[in-house]
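Results of the structural survey
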Amino acid sequence: MQVITQPKVYPVIIIGSGASGGMAAWNLTRQGIEVVLLDAGDKFDRAKYWTHVTPWESQARLARGEKPETFFLDTKEQPYLTPNDRPFELTRVWGHGGKTNVWGRVSLRYSDIDFKAADRDGWEIPWPISYKDIAPYYDQVEQLIGVNGGTDDSDVLPGSKYLQPPPAPRCGERLLQRAMGKLNIPVVAGRRANMTRPTRGFPACHYCGNCGNGCDTASFFCSADHLLPFALQTGKLELRSNAVVARILTDENGRASGVQYFDRRTGSEQQVRGKVVVVGASCVDSTRILLNSKSSTHPNGLGNGSDVIGRYLCEQIRLNARGYLPALEGTATRNDRGIGGEHIYMPRFNHRPGRGRDYLRGFGAQFWNTWSNWNGPQEGSDQIPGFGASLKKQIKRRHPAWFEIHPFGEALPYAHNRITVDPKRVDRYGVPLLHIDYHLGENERKMTEHMADTLEEIVKAAGGVLVNYKRGDLDAMGSAIHEHGTCRMGTDPKRSALTAFNQMHEVKNVFVVDGSAFPNATEKNPTLTILSLSWRATDYLAQEMKRGNLSN
Amino acid sequence: MATSPTDLTRRRALTQLVAGAVGVAATPVWVQSLCAQARAEADTQAVTAAAGASSWAPSVLTPRQDEAVIALTELIIPATETPGAKAALVNRFVDHVLSVADAKERSEFIRGLTWLDDRCRARVGKDVAGATAAELTSVLTPVATEGASGEDAPGVAFFHAIKSMTITGYYTSEIGLRQELGDDGRMMLGAFEGCTHPEHQ
């Protein structure tokens, strides 16, 4: 006799295991809620990372035929489209922890200058939350993940009593800091999720500066190290790897009923049923999934009656200016790798009296003194004239003197900057591909000018020399890897897709908890805010489930 | 609307190009692209670290061209109190970068090398591999000047390319980083002191 069993209906399905999805899984399972978590990739093996490995040892290993763990998704496996004249560099990590395996770790609190920007200047919509709504979550997240930083507290960058001690500035950063002081340009310690103290059983950072290779001691926050194992320990989490989500399925009432995905290894189609779906596949892939989830009740994509999903893509503008400080030429070579990247940060200042310009929103900047990057010092060295022993001597003299300035600026949300899906071009599973159409406007051009003026002024005051610097040049579109806006939250269901708790206005049992929910990009790095919002949204979700408001 | 998929592998090497990181405006695109490719390949120079060095053979360069590249790279970063580009096997790095570069960039580079051989013969009666260091220096000095004119002008772009590739290859090798620049190689510090100079505070 054949026994027919009904497929299991999970209380919650989460898509994606990075900052947003990992936080959702951790927060729901610790409250006793059963979750199935789908990730498009597999577990990365920390034992295989080449973290505390010198370049020469890496070379020897490669020569022996060994390979480090590779994190980034190859476009050959999963292509995306752009207009020919508007390239966009999309960086995706499919695997447990997603981009938190290799993220930049900069952890800056947003303030009401960010949340209420649209109230002040009228451009698009403000966030439906204020700083006071999210501040308790910032407190919790900082304690959970271990963020280092200074004692500063300002209208732009709210202070925190939960920060771990920041690493000391390097020589070049001291000189730049002093110059900024002279110019009355604000400068503070950087804030980064590198643990400078042992935290929750994880060892402190060893200052190898090699964070981009993944951390083999888990000394910076990564969802796969700091959230998923604890969620699994509850016994409430089922983690399905290599589950490439295609669509969210809906019932006859238009409510989410499950998720359709493809097995990345076999290509076979699978479905999982659930009462609530939490989407945290990162801004661009979450948007693709929502737009591909078409049905008779959702002909324009899931929860997209407003047609805002896919629009208002905002990815920050940035550039990387390099130069050297003659005052440091010829000094001894130091081990300046530190926590990788900058140890000092310039918070936004263009809203201050007398500092304004004819554009909206603002920019901040990270500053560092070279040795954080094994390749950095050599990049400008080919501009030193001549060749031979004198060139070799000059390169060595300049080696300790290199610095980098790395400004990030807000790009405004525009309806025409848009993610769509192309029904005629499909991936290996037959699912329509992403199309990203993104370009900047006049506001961003003016901001770029101000960025250039500012960094040139600071370098001049510090007695520095810029090398290979082309005023006004920006890094390629997409290279900030801070995509936002395509499934934004707001109070008006006609102009936004999500409520203040990341719940879809049109589909009550779907929550979108990643960067796509941000109504604007701000100039700050988003992960701390993504973690805080996801924690807040899933607290609300857990309460709503307990109240019975989310049962079918 | 014309659309196309983005090629991720290639694009990483060219990010800096888009950013205008290779600054001299007159530098041809092929040189910028090749130099960016070299930087992208810098941490994969397994070829230069390979044990059993005697078994190595160039994959792009002919043996004579390889000898020329050895001579040129050593002239750009010579042995001083520390070993130079030859000891750091930078020629193998150059051959590797050429092997992964676009065909156009590869052929431009080879064309430049051939031009330099011809120029060398015209000036000192020998090809690059056969010339002494002093002879090569006299041939290269005018070529190494940005904005060189007359008969030396065609070599400027090539020299820029091989100089940049040599610098990248040498200063990412153990000899360059550790012996020449004095990197302590320590990857596990108990504390980070930062700047301790009183004059910088």
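This structure is a prediction, so every number in the text was calculated from the model and none was measured.

What counts, and at which threshold
- Residues numbered from 1 in each chain as written.
- Chains lettered and ligands numbered in written order.
- Predicted model: local features only at pLDDT ≥ 70, side-chain atom pairs only at ≥ 80, totals over all residues.
- Helix = DSSP H or I, 4+ residues; strand = E, 2+ residues; numbered from the N terminus.
- Rg over C-alpha atoms; globule rule 2.2 N^0.38 Å.
- Buried ≥ 20, exposed ≤ 12 C-beta atoms within 10 Å, placed from the backbone.
- Contact = placed C-beta atoms within 7 Å.
- Axes fitted to C-alpha atoms, helices over the stretch in contact; angles between N-to-C directions.
- Parallel < 35°, antiparallel > 145°, perpendicular 65-115°, else oblique.
- Left-handed = near helix turned anticlockwise from the far one by under 90°.
- Nonpolar A, V, L, I, M, F, W, Y, C, P; charged D, E, K, R; others polar.
- Core = buried A, V, L, I, M, F, W, Y, C linked by C-beta atoms within 7 Å.
- Domains from an automatic or database assignment.
- pLDDT = per-residue confidence, 0-100.
- Expected span 1.5 Å × (residues − 1).
- Pairing = 2+ DSSP bridges.

Before going further, it helps to examine the overall build of chain A. If you tally the helices and strands in chain A, you get 13 helices and 19 strands. Whereas a compact globule of 552 residues would reach a radius of gyration of roughly 24 Å, chain A reaches 24 Å, a difference of no more than 12%. In terms of its C-alpha atoms, chain A occupies a principal-axis envelope of roughly 85 × 60 × 50 Å.

Below, the discussion takes up the overall build of chain B. Counting its regular elements, chain B contains 9 helices and 1 strand. Helices (α) and strands (β) of chain B occur, in sequence order from the N terminus, as β-α-α-α-α-α-α-α-α-α. Within chain B, the fraction of its 201 residues that count as buried is 45%. Of the contacts made within chain B by residues no fewer than 6 positions apart, 64% connect residues no fewer than 24 positions apart.

All names here are of chain B. Viewed as axis vectors pointing N to C, helix 6 (residues 103–124) and helix 8 (residues 156–170) meet at an angle of 115°, and their least axial separation amounts to 9 Å. With respect to helix 8, the element helix 6 is oriented roughly perpendicular. Considering the relative orientation of helix 6 and helix 8, their crossing is left-handed. On the side of helix 6, the interface is formed by F109, G112, L113, W115 and L116, while helix 8 contributes A157, F158 and A161. Classifying every residue of the contact of helix 6 with helix 8 gives 7 nonpolar, 1 polar and no charged.

Further remarks concern the environment of A:T100. Looking at the secondary structure, you find A:T100 in the loop between strand 3 (81–83) and helix 3 (112–115). In this view, A:T100 contacts A:G18, A:A19, A:F221, A:C222 and A:S223; residues no more than four positions away in its chain are not counted.

Residues and elements named next belong to chain B. Orientation of helix 4 (residues 63–76) relative to helix 5 (residues 90–100), taken along the N-to-C sense of each, is 120°, at an axis distance of 9 Å. Taken together, the axis directions place helix 4 and helix 5 in an arrangement best described as oblique. Crossing hand, helix 4 versus helix 5: right-handed. The residues of helix 5 that touch helix 4, namely those facing D66, V69, I70 and T73, are V90, N91, V94 and D95. Of the residues assigned to the contact of helix 4 with helix 5, the class counts are 4 nonpolar, 2 polar and 2 charged.

With 159 residues, the main nonpolar core has A:I13, A:A25, A:V35, A:V245, A:V279 and A:V510 as its most contacted residues. Here the element with the most residues in this core is helix 13 (residues 527–547) of chain A; it accounts for 7 residues. Both of domain 1 (1–46 + 56–148 + 221–316 + 414–439 + 484–552) and domain 2 (151–190 + 317–409 + 440–476) of chain A provide at least three residues apiece to this core. The next biggest cluster of nonpolar side chains, apart from the first, holds 53 residues, and it includes B:L34, B:L98, B:L140 and B:F159.

Extensive coverage of helix 5 of chain B is indicated by the burial of 9 of its 11 residues. Residues of helix 5 of chain B that are buried include every one of B:V90, B:N91, B:R92, B:F93, B:V94, B:D95, B:H96, B:V97 and B:L98, and no others.

So, about the environment of B:R123. Relative to the elements of secondary structure, B:R123 occurs in helix 6. Through-space distance from the C-alpha of B:R123 to that of B:P83 is 29 Å; in sequence the pair is 40 residues apart.

Residues and elements named next belong to chain B. Here chain B shows a mean pLDDT of 84. Residues at 70 or above account for 81%. Here helix 1 (residues 8–18) stands out as the element of chain B with the lowest mean pLDDT, 41, in contrast to helix 4, whose mean of 98 is the highest. Predicted complex metrics record ipTM = 0.89 and pTM = 0.93.

On to the domain arrangement of chain A, then. Residues and elements named next belong to chain A. Considered domain by domain, chain A is made up of domain 1 (1–46 + 56–148 + 221–316 + 414–439 + 484–552) and domain 2 (151–190 + 317–409 + 440–476). Placing a centre on the C-alpha atoms of domain 1 and another on those of domain 2 gives a separation of 32 Å. The interface is formed by 24 residues belonging to domain 1 together with 27 residues belonging to domain 2. If one sorts the elements of the side of domain 1 that touches domain 2 by residue count, helix 5 (residues 131–145) sits on top with 5 residues.

Residues and elements named next belong to chain A. With 15 residues, helix 5 should cover 21 Å at 1.5 Å per step; its first-to-last C-alpha distance of 20 Å lies within 8% of that length. Listed in full, the buried residues belonging to helix 5 are I134, Y137, Y138, V141, E142, L144 and I145. Lining the buried residues of helix 5 we find helix 7 (223–226) and helix 13.

So, about the pairing of strand 14 (residues 402–409) of chain A. Residue and element names in this part refer to chain A. The buried fraction of strand 14 is high, at 8 of 8 residues. Because side chains alternate across strand 14, one face comprises the buried residues W402, E404, H406 and F408, and the other comprises F403, I405, P407 and G409, equally buried. Across 4 bridges, the pairing between strand 11 (residues 321–324) and strand 14 is antiparallel. When the bridges of strand 14 are listed, A321 appears paired with I405.

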